[in-house]
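# Structural features, examined
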Amino acid sequence: AQTVTQSQPEMSVQEAETVTLSCTYDTSESDYYLFWYKQPPSRQMILVIRQEAYKQQNATENRFSVNFQKAAKSFSLKISDSQLGDAAMYFCAYCYYGGATNKLIFGTGTLLAVQP
Amino acid sequence: KAGVTQTPRYLIKTRGQQVTLSCSPISGHRSVSWYQQTPGQGLQFLFEYFSETQRNKGNFPGRFSGRQFSNSRSEMNVSTLELGDSALYLCASSFGGTGGRTEAFFGQGTRLTVV
């Protein structure tokens, strides 16, 4: 069974600094998607960034980038120039590419605090 | 373009009762998934519907059921409520592809409290 692990329950970063959130996963599949979702206090999950496992190049979305290490099954999120609005719970998620479903498997989340 | 709408936002029910939650996906989206979020178990997949058919189901007891209508709106029902069913229930809609190919958009959730 596929699993997603986030070993950092809480992280803190100073405004304008850089922070990296960790995620590891376990799967026997070779084709899958990995995601980082943000859940602010409003509770609505928002997609931050997505990575296709067959793509070597790490995904980037403005201040957000990932370090995808397929062999190590590691998928970390780097937030550059942190802003107060980045404070939220961040979830790493996995979706098997070859399944006839959009089922997401989530990690337990990392609560990010941004200090002014 | 309207987002995913979940109703009601908050709900308080008594043990043993049943409850129905509603999810209206983004217009044109045909896939709707439901997740349960609790502090202890985190985010867990309940089920997914596509074109009125359930195409995947998580490991939840039969008290949890769902359906999807021809306009893609979905409902989930929990019968014989237990205290442990207290949770945030999230709905996600996507255009229809599988395997994460199309982005899933989430609603703001329904907070269910069972007393």
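Look a little higher up for the structure.
The numbers attached to residues start from 1 for each chain and follow its sequence in the written order. Each chain gets a letter, beginning with A, and each ligand a number, beginning with 1, in the order they are written. Local features are withheld for residues below a pLDDT of 70 in this predicted model, meaning they are given only at 70 or higher, and side-chain atom pairs are given and counted only at 80 or more; totals for whole chains, interfaces and linings count all residues. Hydrogens and waters are ignored; side-chain quantities use all the structure's heavy atoms.

Let us look at the environment of valine 115 of chain B. Residues and elements named next belong to chain B. A run of DSSP states H or I qualifies as a helix once it reaches four residues; a run of E qualifies as a strand once it reaches two. Both are numbered from the N-terminal end. Relative to the elements of secondary structure, valine 115 occurs in the segment after β11 (110-114). Separated by 30 residues in the primary sequence, valine 115 and aspartate 85 place their C-alpha atoms 10.0 Å from one another. When checking whether two residues touch, look at their non-hydrogen atoms; a contact exists if any pair is within 4.5 Å. Residues within four places of valine 115 in sequence aside, it is in contact with Ile12, Lys13, Thr14, Arg15 and Leu83.

Among the nonpolar cores identified, the biggest contains 26 residues, and Trp36, Phe75, Leu77 and Tyr90 of chain A are the most heavily contacted of them. Counting only elements with at least two residues in this core, the list comes to β3 (19-21), β5 (32-39), β6 (46-52), β8 (64-69), β9 (74-79), β10 (88-96) and β12 (110-115) of chain A. For this core, the element with the most residues is β10 of chain A, which contributes four residues. With residues near it in sequence (within four places) discarded, leucine 77 of chain A still touches Val19, Thr20, Leu21, Trp36, Val48, Ile49, Phe64, Ser65, Val66 and Tyr90 of chain A. By convention a nonpolar core is built from buried Ala, Val, Leu, Ile, Met, Phe, Trp, Tyr and Cys residues, the set being connected through side-chain atoms within 4.5 Å. For the exposure calls, accessible area comes from a 1.4 Å probe over protein chains only, and a residue counts as buried if that area is under 20% of its type's maximum, exposed if over 50%, partly exposed in between. Core analysis: the second largest hydrophobic core is formed by 21 residues, Phe64, Met76, Val78 and Leu112 of chain B among them.

Moving on: unusual backbone geometry. Residue proline 8 of chain B follows threonine 7 of chain B across a cis peptide bond; omega there is -10°. Looking at the secondary structure, you find proline 8 of chain B in the loop between β1 (5-7) and β2 (10-13). Although it is not a glycine, alanine 16 of chain A adopts a positive phi angle of roughly 80°. Looking at the secondary structure, you find alanine 16 of chain A in the loop between β2 (10-14) and β3. Its relative accessible area of 47% is what places alanine 16 of chain A among the partly exposed residues. Phi at aspartate 81 of chain A takes a positive value of approximately 50°, unusual for a residue other than glycine. Along the chain, the position of aspartate 81 of chain A falls in the loop between β9 and β10. You can call aspartate 81 of chain A partly exposed: its relative accessible area is 39%.

Attention now moves to the environment of glutamine 37 of chain B. Considering the arrangement of structural elements, one finds glutamine 37 of chain B in strand β4 (residues 31-38). Along the chain, glutamine 37 of chain B and glycine 109 of chain B lie 72 residues apart, while their C-alpha atoms are 9.5 Å from each other. When near neighbours in sequence (up to four residues on either side) are disregarded, glutamine 37 of chain B contacts Gln39 and Phe91 of chain A together with Gly42, Leu43, Ala87, Leu88 and Leu90 of chain B. Within polar-contact distance, the side chain of glutamine 37 of chain B engages the side chain of glutamine 39 of chain A at 2.9 Å. Nitrogen and oxygen atoms within 3.5 Å of one another constitute a polar contact, given that in protein one can donate a hydrogen and the other can accept it, and given that sequence-neighbouring residues count only through two side-chain atoms.

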